[in-house]
Amino acid sequence: MSHETSQCLFSFQRVLLALSAKGIKYDVINCCLGPNKPQFLNDANPNGEVPVLLHGGHVLYESDIIVDYVDRAFPGGHRLYQDNAISVAKGRLLVKMFDTKVIPLFYKLVFYPNHENQGKLLDALETWIENPLEELDTPFFGGQDYSFVDVNCWPWIERIHAMKDVGFISLGEERFPKLFDYANRMIASPGISEWVHTGEEYKTFYDSYRKGNPRYNYHAKRPMYCKGKRA
């Protein structure tokens, strides 16, 4: 598996969460995505992007596909996909809407922090996270425990929730009570809690990212992978 850094690529965190949920041992290969991108990454993924999963002589890329594969290839441990076909289909729809309706607005606010962009992101969060959570009768999108839906959406929800404390967004519990409760449950979940960072850490990264000189190593004193189960 390869990636650039623990913070710049949320899609890589999706894979980390899936591997942690399954209790799988793994190796991490860090690589640069800038001008000095290694040739082995281009060889593994024609798009030259991460994450990439190398397993059993096979190469996979695209985070949602890797999450699906990990759950199927390693059926033991935490199940990320339910047996109910309609639940899986509806879950995929929610992830698709989150990917297209919420994530672009997150990046827009990162690069252009203003009241208008913040309002658009808050409205999208209400439509695609708060309202669906309101309709649930279970703690997580997948039922009594987190599922592929939670794994795929959480990297962005975590950052938005954490960065409310450092002025990134005015995320209020009055408007988003379900999201706040959900975030607390996710943060406390085994396999999720190991990868949580603070709002200040995210702010440090995004301030440098916005200026065109991202500080990928800002978390060096608290390694991202210190609790991961690696081979």
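It should be emphasised that the depicted structure is a prediction, and the values quoted were computed from it without experimental measurement.

> Would you take a moment to explain the overall build of the protein for this structure?
The number of helices and strands found in the protein is nine helices and four strands. When the elements of the protein are put in sequence order from the N terminus, they spell out β-α-β-α-β-β-α-α-α-α-α-α-α. Expressed as a percentage of its 231 residues, the buried residues of the protein come to 48%. Carbon and sulfur atoms make up 51% of the accessible area of the protein, which totals about 11,400 Å².

> Would you mind showing me how to read the packing of helix 5 (residues 103-111) against helix 6 (residues 115-135) here?
In a packed pair of helices, the relevant descriptors are the angle between the two axes and the axis-to-axis distance. Where helix 5 meets helix 6, the closest approach of the two axes is 9 Å, and the angle between their N-to-C directions is 155°. When the axes of helix 5 and helix 6 are compared, the pair comes out roughly antiparallel. The two elements helix 5 and helix 6 meet at a crossing, and its hand is left-handed. On the side of helix 5, the interface is formed by L105, F106, K108 and L109, while helix 6 contributes N117, Q118, K120, L121 and A124.

> I tried to follow the side chain of H78 on my own but got confused; where do I start?
Along the polypeptide, H78 turns up in the loop between helix 3 (63-73) and helix 4 (85-101). The class of H78 is buried, set by a relative accessible area of 16%. Once you skip the residues sitting within four places of it in the chain, H78 turns out to touch A21, K22, D71, D145 and Y146.

> Explanation requested: the packing of aromatic side chains in the structure shown.
The geometry of an aromatic ring pair is captured by the separation of the ring centres together with the interplanar angle, meaning the angle of the planes. Across all of its chains, the model carries ten aromatic pairs by this definition. Ring geometry for F106 against Y206: centres 5.9 Å apart, planes inclined by 80°, an arrangement best described as edge-to-face. Note that F106 is positioned in helix 5 and Y206 in helix 9 (residues 199-210), a separation of 100 residues in sequence. Y206 carries the same exposure label as F106, and that label is buried. For the ring pair F140 and Y182, a centre distance of 6.4 Å and an interplane angle of 65° mean the geometry is edge-to-face. Taken together, the positions of F140 in the loop between helix 6 and helix 7 (148-163) and Y182 in helix 8 (residues 177-187) put the pair 42 residues apart, joining distant regions of the chain. For F140, a relative accessible area of 6% translates into the label buried.

> Just checking my understanding: could you explain the environment of W195 for this structure?
Note on placement: W195 falls in the loop between helix 8 and helix 9. Residue classification places W195 among the buried residues on the basis of a relative accessible area of 1%.

> Any chance you could explain helix 5 here in plain terms?
In an α-helix, one turn spans 3.6 residues, which is why side chains three or four residues apart end up on the same side. Considered for burial, the residues of helix 5 that qualify are I103, L105, F106, L109 and V110. Projected onto a plane normal to the axis of helix 5, the buried residues spread over an arc of 160° and lie on a single side.

> Sorry, what's going on with the nonpolar core here?
For soluble globular proteins, the rule of thumb is that nonpolar side chains tend to be buried together. Among the nonpolar cores identified, the biggest contains 59 residues, and L80 and L171 are the most heavily contacted of them. At the level of secondary structure, the elements contributing two or more residues to this core comprise helix 1 (10-22), helix 3, helix 4, helix 5, helix 6, helix 7, helix 8 and helix 9. Not counting residues up to four positions away in its chain, the partners in contact with L171 are L122, L125, I160, H161, K164, F176, L179 and F180.

> Teacher, can you tell me more about the packing of helix 6 against helix 8 here?
Running from amino to carboxyl end, helix 6 crosses helix 8 at an angle of 80°, the nearest separation of the two axes being 8 Å. With respect to helix 8, the element helix 6 is oriented roughly perpendicular. Contacts between helix 6 and helix 8 involve I129, E130, L133 and E134 from the first element and P177, K178, L179 and Y182 from the second. Each residue belonging to the contact of helix 6 with helix 8 can be placed in one class, and the counts come to five nonpolar, no polar and three charged.

> Is there a simple way to explain the confidence of the model for the protein in this structure?
Low-confidence regions, as indicated by low pLDDT, have predicted coordinates that should not be scrutinised in detail. When pLDDT is averaged along the protein, the result is 85; 86% of the residues meet or exceed 70. Below pLDDT 50 for its whole length, residues 1-8 participates in 48 contacts with residues either more than four positions away or in separate chains. Segment residues 220-231 is flagged for pLDDT under 50; beyond a separation of four residues in sequence, or across chains, it makes 32 contacts in the model.

> Where do I start with the environment of Y182 in this structure?
Y182 gets classed as buried once you look at its relative accessible area, which sits at 0%. C-alpha of Y182 to C-alpha of D150: the two residues are 32 residues apart in sequence and 9.9 Å apart in space. Residues in contact with Y182, not counting those within four places in the same chain, are L133, P139, F140, F141, D150, W154 and I157.

Cut-offs and rules
Residues numbered from 1 in each chain as written. Predicted model: local features only at pLDDT ≥ 70, side-chain atom pairs only at ≥ 80, totals over all residues. Heavy atoms only, no water. Helix = DSSP H or I, 4+ residues; strand = E, 2+ residues; numbered from the N terminus. Buried < 20%, exposed > 50% of the residue type's maximum accessible area, 1.4 Å probe, protein only. Areas by Shrake-Rupley, 256 points an atom, 1.4 Å probe, with all protein chains shown as cover. Axes fitted to C-alpha atoms, helices over the stretch in contact; angles between N-to-C directions. Parallel < 35°, antiparallel > 145°, perpendicular 65-115°, else oblique. Left-handed = near helix turned anticlockwise from the far one by under 90°. Contact = heavy atoms within 4.5 Å. Phe/Tyr/Trp six-rings, centres within 6.5 Å; stacked < 30°, edge-to-face > 60°. Arc of directions from axis to C-beta. Core = buried A, V, L, I, M, F, W, Y, C linked by side-chain atoms within 4.5 Å. Nonpolar A, V, L, I, M, F, W, Y, C, P; charged D, E, K, R; others polar. pLDDT = per-residue confidence, 0-100.

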